[in-house]
Amino acid sequence: MLRHPSRPTCAALLAAAVLSVLPPSAEGYWSAPARVQGRLHPPRPPAASLFSAPAGEGAAPAPREVLIIGSGWGGLSCAHALSSAGARESVRVTVVDALPRPGGLVSDSAKTRGGRPAEAGQHGFWAEYRNIFRLLDALELDEDPLTGYAEQGQWSPRGLEGTWPVYCEAGPQLPTGIGQALFTRFEKLGPLDLATALPLVLAFSEFDDSEEAWRRYDGVSFRDLCVRLGVSKRTYEEIFEPMILTGLFAPGAQCSAAAALGMAYFFVLRHQDSFDVRWCRGNVGEKIFAPWLERMEGRGVTFAPSTRAEDFVLDDAGTRIVGVRCKDAASGETTTRSVDEVVFAVGGAALAGMVRSNPSSLGRHAEFRKFSNLRGTSVLATRIYLDKKIDTPYSANACWGFDEDVGMTWFDITKLHDDPHSADDAGTGSVIEVDFYHANSLLAMDDDSVIAKVKADLDVILGAACQAAQVEDAAVVRLPGAVNWYYPGSHTDMPEVRSEALENAYFAGDIVNTRHGSWSQEKAFVTGVEAANMILGRDPEEGIVSLGEDEAHVAFGRNVVAGLKNVFGGGRPERAPSLFDFLP
Ligand SMILES: Cc1cc2nc3c(=O)[nH]c(=O)nc-3n(C[C@H](O)[C@H](O)[C@H](O)COP(=O)(O)OP(=O)(O)OC[C@H]3O[C@@H](n4cnc5c(N)ncnc54)[C@H](O)[C@@H]3O)c2cc1C
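Residues numbered from 1 in each chain as written. Predicted model: local features only at pLDDT ≥ 70, side-chain atom pairs only at ≥ 80, totals over all residues.

A. Summary view of the overall build of the protein chain. Per the secondary structure count, the protein chain includes 20 helices and 20 strands. Of all 584 residues assigned to the protein chain, the portion counted as buried reaches 50%. (Helix = DSSP H or I, 4+ residues; strand = E, 2+ residues; numbered from the N terminus. Buried ≥ 20, exposed ≤ 12 C-beta atoms within 10 Å, placed from the backbone.)

B. Up close: the nonpolar core. In this structure, Ile-68, Ile-69, Cys-78, Leu-248, Ala-260, Val-343 and Val-379 are the most contacted members of the largest nonpolar core, which totals 158 residues. The greatest single-element share of this core, amounting to 12 residues, is contributed by helix H10 (residues 257-269). For Ala-260, the residues in contact, after removing those within four places along its chain, are Phe-222, Ile-244, Leu-248, Gly-252 and Cys-255. (Core = buried A, V, L, I, M, F, W, Y, C linked by C-beta atoms within 7 Å. Contact = placed C-beta atoms within 7 Å.)

C. Inspection of helix H12 (residues 348-356) at higher detail. Most of H12 sits inside the fold, with 7 of its 9 residues counted as buried. Inspection of H12 places Gly-348, Ala-349, Ala-350, Leu-351, Ala-352, Met-354 and Val-355 among the buried residues, and these make up the whole buried set. Summarising the contacts, the buried residues of H12 are in contact with strand S14 (341-344), helix H13 (366-369), strand S15 (376-386) and strand S19 (471-484).

D. Main features of the environment of Asp-473. On the secondary structure map, Asp-473 appears in strand S19. On the basis of neighbour counts, which here come to 21 C-beta atoms within 10 Å, the residue Asp-473 falls in the buried class. Considered as a pair, Asp-473 and Ile-451 are 22 residues apart in the sequence and their alpha carbons are 9.6 Å apart. Other than its neighbours up to four places away in sequence, Asp-473 contacts Thr-112, Arg-113, Gly-114, Arg-116 and Tyr-385.

E. Expanded view of the confidence of the model for the protein chain. For the protein chain, the average pLDDT comes to 88, and 89% of its residues sit at 70 or higher. Below pLDDT 50 for its whole length, residues 1-56 participates in 140 contacts with residues either more than four positions away or in separate chains. (pLDDT = per-residue confidence, 0-100.)

F. Just the sheet that holds strand S11 (residues 307-314), in detail. With respect to topology, 3 strands assemble into an open sheet ordered S11-S12-S13, the strand pairing being antiparallel. The open sheet terminates on both sides in strands that have one partner only, identified here as S11 and strand S13 (334-338). On average, each strand axis in the sheet is tilted by 25 degrees relative to the strand beside it, whichever way the strands run. Looking at chain direction, S11 and strand S12 (residues 321-328) are connected through 7 bridges and run antiparallel. Within S12, the position partnered with Leu-314 by the bridge is Ile-321. (Pairing = 2+ DSSP bridges. Axes fitted to C-alpha atoms, helices over the stretch in contact; angles between N-to-C directions.)

G. Looking closely at the environment of Ser-378. Among the secondary structure elements, Ser-378 is positioned in strand S15. Sequence separation between Ser-378 and Pro-480 is 102 residues; the distance between their C-alpha atoms is 4.5 Å. Beyond its immediate stretch of four places on either side in the chain, Ser-378 contacts His-438, Ala-439, Asn-440, Leu-443, Leu-479, Pro-480, Gly-481 and Ala-482.

H. Spatial organisation of the sheet that holds strand S10 (residues 302-304). Spatially, S10-S2-S1-S14-S20 is the arrangement adopted by the 5 strands of the open sheet, whose pairing is parallel. Strand pairing shows two members of the sheet lacking a second neighbour, S10 and strand S20 (505-507), which therefore form its edges. Along the sheet, successive strands turn relative to each other by an average axial angle of 20 degrees, direction set aside. Relative to S10, strand S2 (residues 91-96) runs parallel, the two sharing 3 bridges.

I. The arrangement of the packing of helix H7 (residues 211-218) against H10 in detail. Relative orientation of the contacting elements H7 and H10 amounts to 125 degrees, with a least axis distance of 7 Å. Judged by the angle between their axes, H7 and H10 are oblique. Contacts from Trp-214, Tyr-217 and Asp-218 in H7 reach Ala-257, Ala-258 and Leu-261 in H10. When its residues are assigned to classes, the contact of H7 with H10 shows 5 nonpolar, no polar and 1 charged. (Parallel < 35°, antiparallel > 145°, perpendicular 65-115°, else oblique. Nonpolar A, V, L, I, M, F, W, Y, C, P; charged D, E, K, R; others polar.)

J. The environment of Pro-61, seen in detail. Tracing the sequence through the fold places Pro-61 in the loop between helix H1 (33-40) and strand S1 (64-69). Residue class for Pro-61 comes out exposed when judged on the 12 C-beta atoms lying within 10 Å of it. For the pair Pro-61 and Glu-89, spaced 28 residues apart in sequence, the C-alpha to C-alpha distance is 9.9 Å.

K. Representation of the pairing of S13 in the model. Sheet analysis places S12 next to S13, joined by 5 bridges and oriented antiparallel. Looking at the pairing, Lys-327 lines up with Thr-334 of S13.

L. View of helix H3 (residues 130-139). Turning to H3, its buried residues are Arg-130, Asn-131, Ile-132, Phe-133 and Leu-136. Buried residues along H3 sit in contact with strand S5 (125-126) and helix H19 (521-536). Immediately beyond the C-terminal end of H3, within one or two residues, lies Glu-140, with a positive phi of roughly 50 degrees.

M. Representation of unusual backbone geometry. Positive phi outside glycine occurs at Asp-405, with the angle close to 65 degrees. In this structure, His-438 is a non-glycine residue whose phi angle is positive, near 55 degrees. Note on placement: His-438 falls in the loop between strand S18 (431-437) and helix H15 (440-443). According to the C-beta neighbour criterion, His-438 is buried, with 26 such atoms within 10 Å.

Now the structure itself:
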């Protein structure tokens, strides 16, 4: 069994993907297209017609055909839950993905110039990721795929700005908020500036994650909220703006206050140790997705890589999807698959594109038309191989101040990965991953310029030792508009787990409105289980490890605010004034 903290914690961060150095190779643990092609079209039971399969009298009903579009965390967890014991007999699950390898935003399909595998950015696992930790236990891997906890650094061109300790070891576990305030070390920001963040407690007390709270806080930007609450310019620019740029991947002026408060609470404030984070000891694709997919294939799930879902056929009433036209990237062949249930696990930009290209099917419904508002923000993920070993103070780091409105994190892969140079290569120098968020302006640079910029930024941070090193190999992964963007007003544009307009359509992924956590792999995972539960007619929470209760003082504050709103609203809290009504 793997060892995980009994109550996991939270944190920073942080992107459909055009992987600029990604060859459309299907080799590896995902079946080659030719092999899959045969399994894509399993023989149907004789009774099945294209659009329905009535069971013969006395015969066991034919399993329902579930098509999951997208193999990121959301799609994979849905397939996982649908193929679990007690469920798999009633459904036949196929997962299609436009990309050659699974994982979505966490895919390891990129390659360095020298041919080493690389990922689309680093992905941390924070302590509240209880459902993913449980999955890792269930996989019974030979060794724990995740690192332990370690201190993290925050940098600007001026040098080290702050250190995040390992909060579960930093001292006694104090009521949340107090521990983080006492144990986080800011090098340059004084207590007076830090004290101006206190009024945000009021916002956290009113923002209780209810639909009503989302309605109130989603229309305003996080920056506006901070300005109106009196947060100092320095505190905003040196703490909150970098946090939003690396947590929601866009500037605070362009992110909803609701999404920002939800993210900060889940990753930092649920408990003192919520910001403690573990990283994968290799590429997530190799360490976690490969064994996971193998188990699911053993349970009868069919995976079809390099297969894009393009068009949707509705029944005569226009309320059910009966067929999905898919295109095989290698052969160019299109096939219409008959379906009983469809799970969209594709991310916002892809969902918007599907609606736009299907005006006479999906576009018939207002619910789907609103998805065309969804848009994505861009990420640039880079990994450089140096010819010398550099001593880095922290293995995981965030930065601010290098490029206006661009977020930045960097990781010492040499420290995080068991085999940083991977496979058969003989490199001995440092391997550093540098990822940029809200990075449109950087995506416009050519690869050589990107690599030179990455090295120059690291030279500033790491000094002479880094300046003396040469780049031997590098990966540059571009993700234009690929990451869900939580712009003000986005909440109402985002899907619920179950479609209202189409009775057999479901949504999974971090874009889905759910009460479980913030934008993260964990949220995507949980929504996949939620979608599976609905398809199977199960309790919505079945198989989900809940987040647990708020700490007592948080619950007290929220209850006081809720009580006051009840009184001032004459029993209708939604009619009571909000914090916003008192702000300048
Ligand atoms: C650089 C970076 C760093 C991140 N860091 C962290 C972190 O530290 N911790 C964390 O928890 N999260 C992190 N995230 C966020 C995390 O990656 C996402 O929350 C999560 O992976 C989303 O999973 P998903 O299933 O919702 O969607 P996605 O991963 O976007 O998967 C969607 C899939 O749908 C497929 N698809 C789209 N259209 C079609 C179509 N028409 N037909 C077939 N397939 C289609 C895509 O190819 C893709 O594989 C990070 C993201 C990025 C980019």
